[in-house]
Amino acid sequence: MMKEMKNIGWDKYIDVLLFAFLIGFPLVGSLFRVEMMSKCIVYIIFALSLDILWGSAGLMNLGQAMFFGLGGYVLALSYAARDGVPAFMAGFGVTEVPWFMQILQNTPLAVLLGMVVPGVVAGLLGYFIFTSKVKGVFFNIITLSLASLIEMFFNNQQKYTGGANGISGLPPITIGSEPLSITAHYYLMLAVGVLVYLFCRWLTHSRFGMILRSVRDNESRLQFLGFNPAAFKLTIFVISGMIAGLSGMLYIPIHSFISPGNIGVAFSTSVLVWLAVGGRGNLTGAMVGAFLITWMESLLSEQFENVWLLLLGAAMLAVVMFFPKGLVGTLLDWQYNRKIDRQMGLVQTDDSVELRESDFATAKGKV
Amino acid sequence: MAFLELRDVSVSFSGFLAVDQVSLSVEKGETRVVIGPNGAGKTTIIDMITGKTAPTSGKVFLGGADITGCSPHEIAGKYKVGRKFQGPNLFDFLSVYENVEVALAGHSSVLKTFLYRKNKSIADEIKTILEQINLYGKRDVISTSLSHGERQWLEMGMVIAQKPQLITLDEPTAGMTADETYKTGEMIKTMMKDKTVIVVEHDIDFVEQIAETVTVLHQGKVLAEGTFAEVKRNPKVVQVYLKDDDEEVA
């Protein structure tokens, strides 16, 4: 029993601890903190969407926020158009709800589109990027410019997006006629978060996930084993875009506001930093990174009004310099090395002691 | 028509003729060794068979089908051609076990990777392969920590897992000790005995160990073809290859 316990990757313990903490949090935290934590859960989902792309398949999307923003804007426009032409549009002399917002007036359909639209955009982009064999740094440059392009687009389409002011005054989720309480919102986010986590875990532990890691390690070799790497990259790009869109939608009812800041380069960079700090390719790192940085941001900015950004920057630099694989990545590496040393020792002295290979699956292969 | 046929294939890289009007036929079940000095076009021949390079002119047929210009994943998946690269080419951050599991035949479309379940027969199959390449004890080690020879064997195991009907091995013994080279030769003989195999090699002792038919390439052209003994006696071969490259053998 002890031996089996030892073989479980620590990432699983951290995941369970994190979710247990999140479930119990509203019992101890003030409403203000609970609201903050809801936002943190949304960020965790967003971080997971990038980890299955960057951590697994090695596709470092520098514009992941475009999918987050697309999902967010779809739901925001749907909310804004609920009672006819929204104020920011009326200011531009729009008297009739435009056709695409009429579709969004149907809330369940809008929620669906909040995932489908980013998915379709990811599919189109991915199709052109991956079939034209764009690789490495060129993929980064293209995604970065796309994020900046889409940010500009949302800034300029003031008539329909509210421009730089964004869309504000968005309502919380209502069931019947009653709006949900902050705590109810929190548990809704958490439920979605757990589902997304379980889905990502299934995905990365499936054969599909293993092939993604092969794409990351040695894409050209994979072709000679009968795989079409472009199909795998396209699939994960779409899935990642849809999850990012979902997190963008969840952001709307708790934050009641969306602006081009949520769709562009700056926010895309934030999620990269979370993954750099936490570690990539094991889900746990993404979640821990998002959690830690969001909380440090809030707490530091409350304590040190003037220098908090400097402190946060220094902390991030320290992590990236001393733990290039991220906090969780470093921990898992260390555990993996110990395990292999032990196994090699066992194999030489006693062949009957079997260690299970599945236990190592999570500990390996971080970029 | 032979199982594998190259008909008058030529490849030129920006003016340099790497392969010049080569025709080659390999029968089903044959083990063919292609030898030749550096730059003779050996690897380019393998590149054309596996789809890495399309011939500038000429055709490649496999089992009667024209595979000229097909993509590597199509040739590997649909026509079941396995390739072992020169200098091991693995998934470095996957374990030994996973490297073989990735290569496993018949689970290579996106949908099939979602539906894949590792059942007992698959686990047994992987175990058998790992035992054949002497790496079962190191199955959980990430492949980058293996020795050079072990990495070469792992890649052979991956090729076997692909269940190919044609196996191409590009210098499978490069960088190996004499003992490892011998073991590799025996591996090829036992694991690939009823397969069609094309081996590109430098090591003359190794060629003698495994070869049924030998094709000698020189400057992109076929210089001679025959059994190892015939080729070894061929004065042209002795002149351009064996003498230049390997004094003591000639």
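Fair warning: this is a prediction, and the values are worked out from it, not measured in the lab.

Student: Would you explain the overall build of chain A in this entry?
Tutor: Looking only at helices and strands, chain A features 16 helices and four strands. For a compact globule of 367 residues, the expected C-alpha radius of gyration is about 21 Å, and chain A comes in at 22 Å, within 12% of that figure. Seen through its C-alpha atoms, chain A measures out along the principal axes to roughly 80 × 50 × 40 Å. Looking at chain A as a whole, 47% of its 367 residues qualify as buried.

Student: Got a minute to help me understand the overall build of chain B in this structure?
Tutor: Of regular secondary structure, chain B possesses ten helices and ten strands. A compact globule built from 250 residues should have a C-alpha radius of gyration of about 18 Å, and chain B, at 18 Å, falls within 12% of that. C-alpha extents for chain B along the principal axes are approximately 55 × 40 × 35 Å. Burial statistics for chain B: of 250 residues in total, 49% are counted as buried.

Student: Is there a simple way to explain the packing of helix α2 (residues 10-28) of chain A against helix α14 (residues 284-303) of chain A in this structure?
Tutor: For any two helices packed against each other, one specifies the crossing angle of their axes together with the interaxial distance. Residue and element names in this part refer to chain A. In the contact formed by α2 and α14, the axes pass within 10 Å of each other and the chain directions differ by 40°. One element, α2, and the other, α14, form an angle in the oblique class. Relative to α14, α2 is oriented so that their crossing is left-handed. The residues of α14 that touch α2, namely those facing Asp11, Ile14, Asp15 and Leu18, are Thr284, Met287, Val288 and Phe291. Residues of the contact of α2 with α14, tallied by class, amount to five nonpolar, one polar and two charged.

Student: Even after reading the chapter, I still don't get the nonpolar core, so can you show me in this structure?
Tutor: Nonpolar side chains tend to gather and get buried jointly when the protein is soluble and globular. Residue and element names in this part refer to chain A. With 166 residues, the main nonpolar core has Ile44, Ile45, Ala47, Leu48, Ala76 and Ala290 as its most contacted residues. Among the elements that make up this core, the one with the highest residue count is helix α3 (residues 31-57) (15 residues). Residues within four places of Ala76 in sequence aside, it is in contact with Ile167, Leu170, Ile252 and Ile258.

Student: How do you make sense of helix α3 (residues 96-103) of chain B when you look at a structure like this?
Tutor: Since the α-helix packs 3.6 residues into each turn, any two residues three or four apart lie on the same face. Of all eight residues in α3 of chain B, eight are buried; the element is thus mostly enclosed. Of the residues making up α3 of chain B, those classed as buried are Val96, Tyr97, Glu98, Asn99, Val100, Glu101, Val102 and Ala103 of chain B. Those residues of α3 of chain B hidden inside the fold are in contact with α11 (207-223) of chain A together with α5 (120-132) and α6 (148-161) of chain B.

Student: Would you mind showing me how to read the pairing of strand β4 (residues 57-62) of chain B here?
Tutor: The two faces of a sheet get side chains in turn, since along a regular strand they alternate between them. All names here are of chain B. Bridge analysis of strand β1 (residues 4-13) against β4 gives five bridges, and the strand direction is antiparallel. Looking at β4, one finds that Arg7 is bridged to Lys59. Of the pairings in the sheet, the one linking β4 to strand β5 (residues 65-66) comprises two bridges and is antiparallel in character. Bridge pairing in β5 places Phe61 opposite Asp66. Between β4 and β5, which pair antiparallel and follow one another directly, the connecting turn spans two residues, one of which, Gly63, has a positive phi of 55°.

Student: Help me understand the interface of chain A and chain B, please; the structure alone is not making it clear to me.
Tutor: Accessible area lost upon the coming together of the parts serves often as the stated size of an interface. Facing 27 residues of chain A, the contacting portion of chain B comprises 30 residues. If you list the elements that add at least two residues to the side of chain A that touches chain B, you get α11, α12 (229-255) and α16 (327-349) of chain A. With ten residues, the single largest contributor to the side of chain A that touches chain B is α11 of chain A.

Student: Please explain the sheet that holds β1 of chain B as it appears in this structure.
Tutor: Adjacent strands of a sheet form backbone hydrogen bonds with each other and so pair up, either parallel or antiparallel. All names here are of chain B. Strand order in the open sheet formed by four strands is β2-β1-β4-β5, with antiparallel pairing between adjacent strands. The sheet terminates laterally at β2 (16-26) and β5, the two strands that pair on one side only. Of the strands in this sheet, β1, β2 and β4 touch helix α1 (residues 42-50), which is tilted by about 65° from β2.

Student: Even after reading the chapter, I still don't get the packing of helix α10 (residues 182-205) of chain A against α12 of chain A, so can you show me in this structure?
Tutor: All names here are of chain A. Where α10 contacts α12, the axes come no closer than 11 Å and their chain directions differ by 175°. Taken together, α10 and α12 sit at an angle that is classed as roughly antiparallel. Of α12, the residues touching α10 (which contributes His185, Met189, Val192 and Val196) are Ile243, Leu250, Pro253 and Ile254. By residue class, the composition of the contact of α10 with α12 is seven nonpolar, one polar and no charged.

Student: What's the story with the confidence of the model for chain B in this structure? I'm lost.
Tutor: Low-pLDDT stretches of the model should not have their predicted coordinates read in fine detail. Residue and element names in this part refer to chain B. Across chain B, the average pLDDT comes to 89, with 96% of residues at or above 70. The low-confidence segment residues 246-250, where pLDDT is below 50, has six contacts with residues more than four positions distant or belonging to other chains. This prediction of the complex comes with two scores: 0.90 for pTM and 0.90 for ipTM.

Student: When you look at the sheet that holds strand β3 (residues 31-35) of chain B in this model, what are you seeing that I'm missing?
Tutor: Residues and elements named next belong to chain B. In spatial order, the strands read β6-β7-β8-β3-β9-β10; together these six strands make up an open sheet with mixed pairing. Bordering the open sheet on either side are β6 (81-84) and β10 (221-226), each of which pairs with just one other strand. Ignoring strand direction, the axes of neighbouring strands in this sheet form an average angle of 15°. As judged from the five bridges shared by strand β7 (residues 166-170) and strand β8 (residues 196-200), these two strands associate in the parallel manner. Bridge pairing links Asp170 to Val200 in β8. Running at roughly 150° to β7, α1 makes contact with β3, β6, β7, β8 and β9 (213-218) of the sheet. Strands in contact with α6 are β6 and β7; relative to β6, the strand with the most contacts, it is inclined by about 175°.

Student: Whenever I open this one, the environment of Leu18 of chain A confuses me. Can you help?
Tutor: Tracing the chain through its elements places Leu18 of chain A in helix α2. Not counting chain neighbours up to four residues away, the residues in contact with Leu18 of chain A comprise Met287 and Phe291 of chain A.

Student: Sorry, what's going on with the environment of Leu275 of chain A here?
Tutor: Residue and element names in this part refer to chain A. Examined against the element boundaries, Leu275 turns out to sit in helix α13 (residues 265-278). Leu275 gets classed as buried once you count the C-beta atoms within 10 Å, which come to 24. In this structure, the C-alpha to C-alpha distance between Leu275 and Lys133, residues 142 residues apart in sequence, is 26 Å. In this structure Leu275 touches Ala47, Leu50, Asp51, Trp54, Gly55, Arg280, Gly285, Ala286 and Gly289, once residues within four positions along its chain are discounted.

Student: Can you walk me through the pairing of β8 of chain B in this structure?
Tutor: Residue and element names in this part refer to chain B. Of all five residues making up β8, five are buried, and the element is well covered by its neighbours. Residues Thr196, Ile198 and Val200 point to one face of β8 and Val197 and Val199 to the other, with burial holding for every one of them. Alignment of β3 against β8, held across four bridges, turns out to be parallel. Within β8, the position partnered with Val33 by the bridge is Val199. Assessed by its sense of winding, the connection that carries the chain from β7 through helix α7 (residues 178-191) to β8 is right-handed.

Cut-off values and rules
- Sequence order as written defines the numbering, with residues in each chain counted from 1.
- For naming, the first written chain is A and the first written ligand is 1, with later ones following in the order written.
- Whole-chain, interface and lining totals are the exception, using all residues; otherwise, since this is a predicted model, local features are given only for residues with pLDDT of at least 70 and side-chain atom pairs are given and counted only at 80 or more.
- Helix numbering and strand numbering both begin at the N terminus, where a helix is a DSSP run of H or I of at least 4 residues and a strand a DSSP run of E of at least 2.
- Using C-alpha atoms as the atom set, the radius of gyration is obtained and then compared with a globule rule of 2.2 Å times the number of residues to the power 0.38.
- Comment: burial labels come from other C-beta atoms within 10 Å of the residue's own C-beta, placed from the backbone, where a count of 20 or more is buried, 12 or fewer is exposed, and between is partly exposed.
- To define axes, lines are fitted to C-alpha atoms, for helices over the stretch in contact only, and angles between the resulting N-to-C directions are given on a 0 to 180 degree scale.
- Any angle that is under 35 degrees is reported as roughly parallel, and any over 145 degrees as roughly antiparallel; angles of 65 to 115 degrees are reported as roughly perpendicular and all others as oblique.
- Crossings are assigned a handedness: left-handed for a near helix turned anticlockwise from the far helix by less than a right angle, right-handed for a clockwise turn.
- Any pair of residues counts as being in contact when their C-beta atoms, constructed from backbone geometry, are within 7 Å of one another.
- Gly counts as polar in this scheme, as do all residues outside two lists: the nonpolar Ala, Val, Leu, Ile, Met, Phe, Trp, Tyr, Cys and Pro, and the charged Asp, Glu, Lys and Arg.
- Buried Ala, Val, Leu, Ile, Met, Phe, Trp, Tyr and Cys residues form a nonpolar core when they are connected through C-beta atoms within 7 Å.
- Only when DSSP finds a minimum of two bridges between them are two strands counted as paired.
- The pLDDT value expresses, per residue, how confident the predictor is, ranging between 0 and 100.
- Looking down the strands as they point away from you, a crossover is right-handed if its path from the first strand over the helix to the second goes clockwise.

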